[in-house]
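If you want the building blocks of each chain, they are given just below.
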Amino acid sequence: KAVEGQMPHVLQIGQAAKATGLSVDTIRFYQKCGLVRPPARTTGGFRVFNGTDLEELQFIARAQELGFSLSEIKDLVLIQQQNGRGCPEVRALLKRKLAVVRGKISALRQIEVELDRALRRCDRALKESASVPACPVIDQIQRASKRRKP
């Protein structure tokens with residue numbers, strides 16, 4: 001579809017990128033993946049975006065910030081296009097996503113505990129000797145990596 005001239009209520013892709021905080025490449029990628037419909041074009045072939053297009057781009061960007069995959073975002077976009085009448089589907093998607101996030105938080109807490117222990121070992125080693133010959137944490141990591149080799 002071609003748009004005559006450049007009307008004030010449409011933006012070219014660079015301007016749309018700036019307005020949404022996305023890169024031009026990201027917008028093109030969203031188009032290539034089918035997350036957004038192909039944009040209108042000027043008679044000169046330039047992509048142009050209207051307010052609705054910008055809202056769609058921002059919706060996708062926000063969904064990505066929330067950790068949704070592109071496949072999940074496609075589902076959300078389809079639901080949104082159906083006037084948001086997919087609350088049970090969105091709820092199920094949110095429950096799955098929340099379970100994944102909680103699993104990651106649990107794993108990060110375990111890493112935090114291990115790093116805290118390692119820091120205390122370093123502090124003890126440094127207090128015991130001003131010239132520590134070997135770092136106890138490096139030694140522990142090396143021992144652990146040797147145990148994991150097949």
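None of these values were measured; they are calculated from a predicted model.

## Some points on the overall build of the protein chain
Along the protein chain, the regular secondary structure elements total six helices and four strands. Element order for the protein chain, N to C, with α for helix and β for strand: β-β-α-α-β-β-α-α-α-α. Compactness check: the protein chain gives a C-alpha radius of gyration of 25 Å against a globular reference of 15 Å for 150 residues, more than 25% above the reference. In terms of its C-alpha atoms, the protein chain occupies a principal-axis envelope of roughly 75 × 40 × 30 Å. Counting across all 150 residues of the protein chain, residues that qualify as buried make up 24%. In the protein chain, of all internal contacts separated by at least 6 residues, the share reaching a separation of at least 24 is 50%. Taken as a whole, the protein chain presents about 11,000 Å² of accessible surface, with 56% of it coming from carbon and sulfur. Averaging the positions of the 27 positive and the 15 negative side-chain charges in the protein chain gives two centres separated by 5 Å.

## A short note on the confidence of the model for the protein chain
The predicted model of the protein chain has a mean per-residue pLDDT of 86, with 90% of residues at 70 or higher. By mean pLDDT, the top-scoring element of the protein chain is helix α2 (residues 24–33) (94), and the lowest-scoring one is strand β1 (residues 2–3) (44). Below a pLDDT of 50 lies the segment residues 1–7, which in the model reaches 15 contacts outside its immediate sequence neighbourhood of four places, other chains included.

## As for the side chain of Glu 56
Position of Glu 56 relative to the elements: it lies in helix α3 (residues 51–65). Take Glu 56: its relative accessible area is 17%, and that puts it in the buried class. With residues near it in sequence (within four places) discarded, Glu 56 still touches Val 36 and Arg 37.

## Quick notes on helix α4 (residues 70–81)
The terminal C-alpha atoms of α4 lie 16 Å apart, and with 12 residues this matches the ideal 16 Å at 1.5 Å per residue to within 8%. Within the span of α4, buried status applies to Glu 72, Ile 73, Leu 76, Val 77 and Ile 79. Buried residues of α4, seen end-on, are gathered within an arc of 160 degrees and therefore sit on one face of the element. Against the buried residues of α4 lie α3 and α5 (87–128). One or two steps after α4, the chain reaches Asn 83, where phi turns positive at roughly 60 degrees.

## Section: the pattern of salt bridges
Evaluated as defined, the whole model comprises five salt bridges. For Glu 56, the salt bridge identified is with Arg 37, shortest N-O distance 2.6 Å. Of the two residues, Glu 56 sits in helix α3 while Arg 37 sits in the loop between α2 and β3 (40–42), which places them 19 residues apart along the sequence. On the basis of relative accessibility, which here comes to 38%, the residue Arg 37 falls in the partly exposed class. Between Glu 72 and Lys 97 there is a salt bridge, and its shortest N-O distance comes to 3.0 Å. Taken together, the residues Glu 72 in helix α4 and Lys 97 in helix α5 connect sequence positions 25 residues apart. The class for Lys 97 is buried, based on a relative accessible area of 14%. Salt bridges linked by common partners bring Arg 37, Asp 53 and Glu 56 together as one network.

Rules used in this analysis
- Residues numbered from 1 in each chain as written.
- Predicted model: local features only at pLDDT ≥ 70, side-chain atom pairs only at ≥ 80, totals over all residues.
- Heavy atoms only, no water.
- Helix = DSSP H or I, 4+ residues; strand = E, 2+ residues; numbered from the N terminus.
- Rg over C-alpha atoms; globule rule 2.2 N^0.38 Å.
- Buried < 20%, exposed > 50% of the residue type's maximum accessible area, 1.4 Å probe, protein only.
- Contact = heavy atoms within 4.5 Å.
- Areas by Shrake-Rupley, 256 points an atom, 1.4 Å probe, with all protein chains shown as cover.
- Lys, Arg positive; Asp, Glu negative; His and termini not counted.
- Charge placed at Lys NZ, Arg CZ, Asp CG, Glu CD.
- pLDDT = per-residue confidence, 0-100.
- Expected span 1.5 Å × (residues − 1).
- Arc of directions from axis to C-beta.
- Salt bridge = Lys/Arg side-chain N within 4 Å of Asp/Glu carboxyl O.

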